[in-house]
Every structure is written in C-alpha cells, then in structure tokens.
Amino acid sequence: MLTKQLKDAGAKIPLFGGDGMFTPTYIKTAGKAAEGDLVTSIGVPVDTLPAAKDFVAAYKAKKYPGDYGTYGSYAYDATTAIIKAVGEVVKDGKVPSDARQQVVDAVQKTSFDGISGKISFDEYGDTTNKQLTVYQVTKGEWKSVKSGVANPK
C-alpha cells in the first residue's frame, strides 16, 4: 500500500526495502505501482544453484499452494543440519543425558554442501554463506538484478 500511496502522490522513485517485501503478494497488492521497486534478500536465487534443481523440481511437482519462496531452501538446509547433528549424537537409539548441548555443538561444527550453498557457521553461530541479492519488479515479477557477498571482510 505504501508504494501505491507514494506513487499516487506523485513520487517518481522506486521504493527499496528488505526481504519482508520480497513476495508475490507485494506485487499483487501494489499492482502497477510496484514496477521498479527494489528489495534485498538473503542468498542467491535458489533456482540458479545446481544443487537446488532437484529440490525446486520436487517442490513444484507436489503442487503446493505457495512457492518455495525466499526461505524454502534455507529451511530445508537448516533441517538437514539439525537431522545430521541429532544423528551424530543419538546412536543406537540411546539419548545421552547431555544430548541438547551435544546437538548444539554438532550443529555449530556443521559443514556440508546444501541446496542453498555451503552450510557452516562461524564462532558466533552465524552462517558463513553471506550472499545477498537485489531484486527489482520488472513487468510485474521479481527479477534478480545483482548478487554478491554481504559484509565482505
């Protein structure tokens, strides 16, 4: 609604926001006023990653009512990291008394190639995959404009 109000008031600038705007609902709600608006979102477009091809194809084949969206691949990879950690900690069906801490430690040491890229974490628990993409509404759809590393050191 904000972009419609701005543009109806005569503003001839794109609205630029974060990943909360990065949804087809934004474009549907704003209509033609959304054209040219920009957002940033985590990662690179999932459908451009070779490792994600099977994930995207399987998701689309299930015909879920919504798209896999911005966070679908990240949720899949996060779940995989937790499952791998639990598998390392719980052996032969026996849960150690300090299982919770062991799972936390195992996730912290996680390192694997996921569908959204390399999955690993720094000493603070933050992902080491710091990709970011800028998207723009073009002809009524979000199109990636530029991908790169966020906060390069």
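Basis of the calculations
- Residues numbered from 1 in each chain as written.
- Predicted model: local features only at pLDDT ≥ 70, side-chain atom pairs only at ≥ 80, totals over all residues.
- Heavy atoms only, no water.
- Phe/Tyr/Trp six-rings, centres within 6.5 Å; stacked < 30°, edge-to-face > 60°.
- Helix = DSSP H or I, 4+ residues; strand = E, 2+ residues; numbered from the N terminus.
- Lys NZ or Arg CZ within 6 Å of the ring centre and 35° of its normal.
- Pairing = 2+ DSSP bridges.
- Core = buried A, V, L, I, M, F, W, Y, C linked by side-chain atoms within 4.5 Å.
- Buried < 20%, exposed > 50% of the residue type's maximum accessible area, 1.4 Å probe, protein only.
- Contact = heavy atoms within 4.5 Å.
- pLDDT = per-residue confidence, 0-100.
- Polar contact = N/O pair within 3.5 Å; in protein donor to acceptor, adjacent residues only side chain to side chain.

*Asks:* How should the packing of aromatic side chains be read in this particular structure?
*Replies:* Aromatic ring pairs are defined here through the distance separating the ring centres and the angle between the ring planes. This model, assessed by the stated rule, comprises 6 aromatic pairs. Arranged with centres 5.7 Å apart and planes meeting at 70 degrees, the rings of Phe22 and Trp142 form a pair that is edge-to-face. With Phe22 in the loop between β1 (16–17) and α2 (24–30) and Trp142 in strand β6 (residues 141–149), the pair connects residues that are 120 residues apart, well separated along the chain. Grouping aromatic residues by their ring pairs yields a cluster made of Phe22, Tyr26, Tyr135 and Trp142. Directly above the ring of Phe112 sits Lys84, whose terminal nitrogen or CZ lies 5.0 Å from the centroid.

*Asks:* Please clarify how the sheet that holds strand β2 (residues 38–42) should be interpreted in this entry.
*Replies:* Note on sheets: strands pair through backbone hydrogen bonds, and any given pair is parallel or antiparallel. Pairing within the open sheet is mixed, and its 4 strands lie in the order β1-β2-β5-β6. Since the sheet does not close on itself, it has two edges, and those belong to β1 and β6, each with one partner. In terms of strand pairing, β1 meets β2 through 2 bridges, oriented parallel. Residue Phe16 lies in a different strand from β2, and its bridge partner there is Leu38.

*Asks:* Sorry if this is basic, but what is going on with the nonpolar core here?
*Replies:* As a rule of thumb, nonpolar side chains are buried together in soluble globular proteins. In this structure, Leu15, Met21, Phe22, Tyr26, Ile27, Ala30, Ala34, Val39, Tyr135, Val137 and Trp142 together form the largest nonpolar core, which totals 11 residues. The biggest single contributor to this core is α2, with 3 residues. In this structure, Val44, Val46, Leu49 and Tyr68 belong to the second largest nonpolar core, which totals 8 residues.

*Asks:* Sorry, what's going on with the side chain of Thr3 here?
*Replies:* Relative to the helices and strands, Thr3 resides in helix α1 (residues 2–8). Overall, Thr3 belongs to the buried group, its relative accessible area being 1%. In this structure Thr3 touches Leu15, Tyr26, Ala30, Ala33, Ala34 and Asp37, once residues within four positions along its chain are discounted.

*Asks:* Explain the confidence of the model for the protein chain to me, please; I cannot follow it from the model alone.
*Replies:* Regions with low pLDDT should not have their predicted coordinates read in detail. Per-residue pLDDT for the protein chain averages 89, and the proportion of residues at 70 or more is 97%. The lowest-confidence element of the protein chain is β6, averaging 85 in pLDDT; the highest-confidence one is helix α5 (residues 99–108), averaging 95.

*Asks:* What is the right way to look at the environment of Ser116 in this model?
*Replies:* Tracing the backbone shows Ser116 in the loop between β3 (111–114) and β4 (117–120). With relative accessibility at 5%, the residue Ser116 sits in the buried group. Along the backbone, Ser116 and Pro45 are 71 residues apart, and their C-alpha atoms lie at a distance of 8.8 Å. Those residues within four positions of Ser116 in sequence are excluded, and the remaining contacts are Leu49, Ser73, Tyr74, Asp77 and Asn129. Only 2.5 Å separates the side chain of Ser116 from the side chain of Asp77, close enough to count as a polar contact.

*Asks:* I tried to follow the pairing of strand β5 (residues 131–138) on my own but got confused; where do I start?
*Replies:* It is a general feature of regular strands that their side chains alternate between the two faces of the sheet. In terms of strand pairing, β2 meets β5 through 5 bridges, oriented antiparallel. Its bridge partner being in β5, Ile42 is matched across the sheet by Leu132. Of the strand pairs in this sheet, β5 and β6 are connected by 8 bridges, and their pairing is antiparallel. Residue pairing across strands places Gln136 opposite Lys143, the latter belonging to β6. Count of turn residues in the β5/β6 antiparallel hairpin: 2 residues, of which Lys139 carries a positive phi of about 55 degrees.

*Asks:* Help me out: how do you make sense of unusual backbone geometry in this one?
*Replies:* The bulk of non-glycine residues show a negative phi, and the bulk of peptide bonds are trans. With a phi close to 55 degrees, Asp92 is a non-glycine residue in the positive phi region. As for its position among the elements, Asp92 is in the loop between α4 (72–89) and α5. Of note, the phi angle at Lys139 is positive, near 55 degrees, even though the residue is not glycine. For Lys139, the location among the structural elements is in the loop between β5 and β6.

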